Amino acid sequence: MTKNCHNDYKMKFTTDEEFPDLSLHNNHMAKVLTKEIYEKLRSKSTPSGFTVDDVIQTGVDNPGHPFIMTVGCVAGDEESYEVFKELLDPVISDRHGGYKPTDKHKTDLNFENLKGGDDLDPNYVLSSRVRTGRSIKGFTLPPHNSRGERRAIQNLSIEALSSLEGEFKGKYYPLDGMTDAEQEQLIADHFLFDKPVSPLLTCAGMARDWPDARGIWHNDNKTFLVWVNEEDHLRVISMQKGGNMKEVFKRFCVGLQKIEEIFKKHNHGFMWNEHLGYILTCPSNLGTGLRGGVHVKLPKLSTHAKFEEILTRLRLQKRGTGGVDTASVGGVFDISNADRLGSSEVEQVQLVVDGVKLMVEMEKKLEKGESIDGMIPAQKFVCDPQEEDKSIC
Amino acid sequence: PVLFDDLAAHLFKLNYSAEQEYPDLSQHNNHMAKVLTPEMYAQLRDKETPSGFTLDDVIQTGVDNPGHPFIMTVGCVAGDEETYEVFKDLLDPVIEDRHGGYKPTDKHKTDLNAENLQGGDDLDPNYVLSSRVRTGRSIRGFCLPPHCSRGERRGIEQLSIEALDSLEGDLKGKYYALKNMTEEEQQQLIDDHFLFDKPVSPLLLASGMARDWPDARGIWHNDNKTFLVWVNEEDHLRVISMQKGGNMREVFNRFCTGLTKIEDLFKDRGHEFMWNEHLGYVLTCPSNLGTGLRAGVHVKLPHLSKHEKFGEILKRLRLQKRGTGGVDTAAVGGVFDISNADRLGFSEVELVQMVVDGVNLLVNMEKRLESGDGIDDLMPEQK
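Here the structure is a predicted model, which is why all the values come from computation and not from measurement.

## So, the packing of aromatic side chains
- Under the definition given, this model contains 15 aromatic pairs over all chains.
- Judged by centre distance (5.9 Å) and plane angle (85°), the rings of Phe193(A) and Trp210(A) are edge-to-face. With Phe193(A) in the loop between helix H9 (180-188) and helix H10 (199-202) and Trp210(A) in the loop between H10 and strand S3 (215-219), this pair connects stretches of sequence that are 17 residues apart. Accessibility assignment for this pair places Phe193(A) and Trp210(A) in one class, buried.
- With a centroid separation of 5.9 Å and an interplanar angle of 85°, the aromatic rings of Phe196(B) and Trp213(B) are classed as edge-to-face. Of this pair, Phe196(B) sits in the loop between helix H8 (183-191) and helix H9 (202-205) while Trp213(B) sits in the loop between H9 and strand S3 (218-222); the two residues are 17 residues apart in sequence, bridging distant segments of the chain. Considered together, Phe196(B) and Trp213(B) belong to a single accessibility category, that of buried residues.
- Linked through ring pairs, Phe168(A), Trp217(A) and Phe224(A) together constitute an aromatic cluster.
- The ring of Tyr281(B) has Arg137(B) sitting right over it, with the charged end atom 3.4 Å from the ring centre.

Dropping the structure here:
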């Protein structure tokens, strides 16, 4: 066991004295963390020195969020998911629809497997986007990594991305050293990410040393974008105006696989295992880490009594157009897949394509003053061939 | 390849060279950035205090906050009493830079005898709206707010409640824990300007002082509302004596009496305040070492504050101006918070004397300027 001086010092205090007050809290961590679990885990430390207090700090500091049920815990390295499994397995199960410690996750980045998706109505669907995250094996994660690690990640990323060609040829813009003109352009393109202000992120330590070793890479066509060292080592984004999700997803899969090959050549593959899929900072992003979504105009449907129910059944989630913790503006919603773990990339994007298509048709009906009762969908499930109980498929 | 076995966690970062880890301070303007060379970083990076506070912990706030428009920030904090020893190669020069050339061999003088103050009971209340003296105290044996655990913070709160509950007479009062205050109590504390809120200043947030908020934080004040103790905000204890008007003498008297009583009560319970003869009272921010004392007034100086020599006058009087909202705010309506600039190397009495004498002079100057007269003959020498 790694000697962790700070953690050992805290062991002078009893579990009761150290156990956080979660009485006002509403997040996954608070629902799961009992004194017994805390007692068991508090003496442990990952090899890089991440402790259970580090895992839960963001959830202690942020009791609850008005729009979404937050996770309330983060990983500091790949080993966190193993060392703190007594806490993280139940959190994962709770967050990912009952996903069990013995379940296997399926990865499918073969865009040919997506059906349709090239014809979402651009009068309603303003833009389409697919993003995911990737962590680079051998480095600790954003809540915990040092400046040296972050810079090494940046250097590797620049090398890898600089070797991309064709539609992926592009350029890297470090946050630290951008000209005013470059910054203006990136803002105008909606590419620029800024220092996190959300306390969900700052309390987990992800904004330390900002803007050191953070940057944005994008292709010349401005349809493929990589964020370096924001909430994850890499965030990979494919996006364009309009409703051709098929094209967006194709570019996404092709680009991602090219990038992965290059990292592998440098002996730094992506963190992945057959149980959790792609390992990311936030347990909510495990599995595919994929959020495929559209900005879509649904002013009538969004005020319908059954809107929430429809979304739930379609396994979709709504957000404001400003990002994870914002409200919607002017009837335009960000609609994306709710699932991350237990279903593949293709399956998740399929849900978005089929679901958004249906909701646009519903919106059109409501516009004409017609009812949508006959269109309410049945609950969708994601089919796992390893699942013994096939009745859910 | 990284070797994990038997490697102390804080040394994981030694996989990277000092150069790879050294922060980029090229945009920075704070005391830490002026002092921390790559060589110094290389020498200190493998050290930690017994409770596990490291160099990166000390400097994080200064790395994350390159500079402040109104004041030269310190850019580093202590996580425990030992920080000032283990990281002396960094902190001694920071202290020297911040505290007017204070040397590692200098001795600090403590004087909490209010009788030694001359005058101070008659600052003109038409100008001096309120008077206040505050300091901080750290309880020996516990880590400091950037680093302390929930268990420690609660231990500090418990001890504090016990000690404060036994105060009597003019100092008799009550404790209000932040986390279970009623709406009414909260409103009253806001109206009295007593309530402290979760820090929003990035200077404080970046050093980890807001963790677990509002657990084990609270406010104690006497029934008269003139003596106030903050528990577990930026320091273990912040002790404040205040009242409307210009009777700084009375404020300081109550301050000394109350503080001395509290110190005795903690000692009775087996806990002393962190103090040593070189640094005086040991606090979280190196800027508060020594007396930790900030004595000040809210004073109307609309004319003088626009005078071209205002900054120079303050400097010569060894005074500092702030906005009335606290350390990183701007002045509103010509009303300034004027207080002593020094903390270390002068005693409490000496610092309050400077405020009393200095504010008297500033008010006289203001009156002169109001009548359209000059103030050249009133210009002070450098104190």
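## Some details on the nonpolar core
- Ranked by size, the top nonpolar core spans 61 residues in total, and within it Val229(B), Met248(B), Phe252(B), Leu304(B), Ile338(B) and Leu362(B) carry the most contacts.
- Looking at which element gives the most residues to this core, the answer is helix H12 (residues 348-370) of chain B, with 12 residues.
- With sequence-adjacent residues up to four places away left out, Val229(B) is seen in contact with Leu164(B), Gly218(B), Ile219(B), Trp220(B), Leu237(B), Arg238(B), Val239(B) and Ile262(B).
- The next biggest cluster of nonpolar side chains, apart from the first, holds 58 residues, and it includes Phe270(A), Leu311(A), Leu314(A) and Val346(A).

## Re the pattern of salt bridges
- Per the stated rule, a full pass over the model turns up 50 salt bridges over all chains.
- Notably, a salt bridge pairs Lys10(A) with Asp53(A), separated by 3.0 Å at the nearest N-O pair. With a gap of 43 residues between them, Lys10(A) in helix H1 (residues 5-10) and Asp53(A) in helix H5 (residues 52-61) connect regions that are remote in the sequence.
- Classification of Asp53(A) by relative accessible area gives buried; the value is 8%.
- The partner of Arg318(B) in a salt bridge is Asp342(B), and the shortest N-O contact between them spans 2.7 Å. Of this pair, Arg318(B) sits in the loop between helix H11 (310-316) and strand S9 (319-322) while Asp342(B) sits in the loop between strand S10 (335-340) and H12, and the two are 24 residues apart along the sequence.
- Among the residues examined, Asp342(B) registers a relative accessible area of 12% and is labelled buried.
- Overlapping salt bridges, with partners in common, bring together Lys10(A), Asp53(A), Arg150(B), Arg153(B) and Asp212(B) in one network.

Thresholds applied
Residues numbered from 1 in each chain as written. Chains lettered and ligands numbered in written order. Predicted model: local features only at pLDDT ≥ 70, side-chain atom pairs only at ≥ 80, totals over all residues. Heavy atoms only, no water. Phe/Tyr/Trp six-rings, centres within 6.5 Å; stacked < 30°, edge-to-face > 60°. Helix = DSSP H or I, 4+ residues; strand = E, 2+ residues; numbered from the N terminus. Buried < 20%, exposed > 50% of the residue type's maximum accessible area, 1.4 Å probe, protein only. Lys NZ or Arg CZ within 6 Å of the ring centre and 35° of its normal. Core = buried A, V, L, I, M, F, W, Y, C linked by side-chain atoms within 4.5 Å. Contact = heavy atoms within 4.5 Å. Salt bridge = Lys/Arg side-chain N within 4 Å of Asp/Glu carboxyl O.

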